[in-house]
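Survey of secondary and tertiary structure
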Amino acid sequence: MPDMTGAESTVAAPVPLLNAANLLTAARLVLVPVFAVTVVASGMSHAGWRMAACLIFVVASATDLVDGWIARRFALVTSLGKVADPIADKALTGAALVLLSWYDRLPWWVTVVILVRELGITAMRFWVIRHGVIAASRGGKIKTALQILAITWYLWPMPAALAPVGPWIMGAAVLVTVATGFDYVAQALRLRRPAR
């Protein structure tokens, strides 16, 4: 329809909820209980089940990279996706950390520190969303990569010579997780600060 200047005006078509990005996010949510059951079946002692659990975790984690890229590349960002994506991420990471601690592979304090940070930052993002969006920083992306690598290392039945590397990777993940948490808090406070 032409506007008052005679030019054709275009109205952006609504983004369908049932799109590739949201379907990948849903698939990640579905894989969380599948992953958890596989870890429990392994008892963190059966090599075959541990490998299966590790592969499920890696595939589920990969969907997080792909769904975000698809949503941005093809303009498929939806309000549902904005809410469901972080929930799926935290559910997957949280399940992995809790199970690793449950089977005495990871100290509970590590799981608590990471989950408190992750859930706290997610809640804070919703708290400031009316004032602006806190985008994922480079540090946040490094944090995610380190967490995925560390969890993968713990899940896979590594040879005895390589197993000690896991705690070092997880230690780095914890440090970056805490540091980026403080950075996000600072960003949130700046967004909430009234303009002068």
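Bear in mind the structure is a predicted one, so any value in this text is a computation, not a measurement.

**What to know about the overall build of the chain**
Scanning the chain from N- to C-terminus turns up six helices and zero strands. Counting from the amino terminus, helix and strand elements in the chain follow one another as α-α-α-α-α-α. Here the analysis covers contacts within the chain between residues at least 6 apart in sequence; of these, 74% occur between residues at least 24 apart. Element-wise, carbon and sulfur atoms account for 73% of the exposed surface of the chain, whose accessible area totals about 11600 Å².

**Quick word on the packing of helix α1 (residues 20-42) against helix α2 (residues 47-73)**
Interaxial distance between α1 and α2 falls to 9 Å at its minimum, and their mutual angle equals 165°. By the angle class used here, α1 and α2 are roughly antiparallel. Helix-helix and strand crossings are classified by hand; for α1 and α2 the assignment is left-handed.

**Looking at the pattern of salt bridges**
Scanning the model with the defined rule gives five salt bridges in all. In this structure, D64 engages R28 in a salt bridge whose closest nitrogen and oxygen atoms are separated by 3.6 Å. Taken as a pair, D64 in helix α2 and R28 in helix α1 lie far apart in primary sequence, 36 residues in all. Exposure class is identical for D64 and R28. Each is buried. In this structure, R117 and E118 form a salt bridge, with 3.3 Å as the shortest nitrogen-oxygen distance. Judged on exposure class, the residue R117 and its partner E118 are both buried. One network of salt bridges, with partners in common, ties together K90, R117, E118 and K143.

**Considerations on helix α5 (residues 138-155)**
The terminal C-alpha atoms of α5 lie 26 Å apart, and with 18 residues this matches the ideal 26 Å at 1.5 Å per residue to within 8%. Turning to α5, its buried residues are G140, K143, L146, Q147, A150, I151, T152, W153, Y154 and L155.

**A closer look at α1**
Look at α1: 32 Å from first C-alpha to last across 23 residues, which is about the 33 Å you get at 1.5 Å a residue. Of all bends in α1, the biggest is about 25°, found at L31, and the proline P33 comes one to four residues later. Taken together, the buried positions of α1 are occupied by A21, N22, T25, R28, V32, F35, T38, V39 and S42. At the exit of α1 stands G43, carrying a positive phi of roughly 60°.

**So, the side chain of S61**
With respect to the secondary-structure elements, S61 resides in helix α2. With near-sequence residues (within four places) excluded, S61 lies in contact with L92 and I148.

**Comments concerning the UniProt feature "transmembrane region" (unreviewed entry) in the chain**
Sites flagged by UniProt as "transmembrane region" (unreviewed entry) map to residues 20-40, 52-71, 106-128, 140-156 and 168-186. For the annotated span residues 52-71, helix accounts for 100% and strand for 0% of the residues, and the straight-line distance between the end C-alpha atoms is 29 Å. Spanning residues 140-156, this segment combines 94% helix with 0% strand, and its end C-alpha atoms are found 24 Å apart.

Thresholds applied
Sequence order as written defines the numbering, with residues in each chain counted from 1. Only residues with pLDDT of at least 70 are given local features in this predicted model, and only at 80 or more are side-chain atom pairs given and counted; all residues enter the totals for whole chains, interfaces and linings. The basis for every side-chain value is the complete set of non-hydrogen atoms in the structure, without hydrogens or water. Put simply, DSSP H or I for four residues or longer makes a helix, DSSP E for two residues or longer makes a strand, and each gets a number counted from the N terminus. The contact criterion used is simple: two residues touch if any of their non-hydrogen atoms lie within 4.5 Å. Note on areas: Shrake-Rupley, 1.4 Å probe, and residue coverage restricted to the protein chains presented here. Under this scheme, a helix contributes an axis fitted over its contacting stretch, all axes are lines through C-alpha atoms, and angles between N-to-C directions fall in the 0 to 180 degree range. The scheme is simple: roughly parallel for angles under 35 degrees, roughly antiparallel for over 145, roughly perpendicular for 65 to 115, oblique for anything else. Two helices crossing with the near one rotated counterclockwise from the far one by less than a right angle form a left-handed crossing, whereas a clockwise rotation gives a right-handed crossing. Definition used for salt bridges: Asp or Glu carboxyl oxygen within 4 Å of a side-chain nitrogen of Lys or Arg. Relative accessibility decides the category of a residue: with a 1.4 Å probe and only protein chains considered, values under 20% of the type maximum give buried, values over 50% give exposed, and everything between is partly exposed. The length a helix should cover is 1.5 Å for every residue beyond the first. The bend at a residue is defined as the angle formed between two axes, one fitted to the seven residues ending at that residue and one fitted to the seven starting there. UniProt positions are given in the numbering used here, feature names are shortened, and annotations may be inferred rather than shown by experiment.

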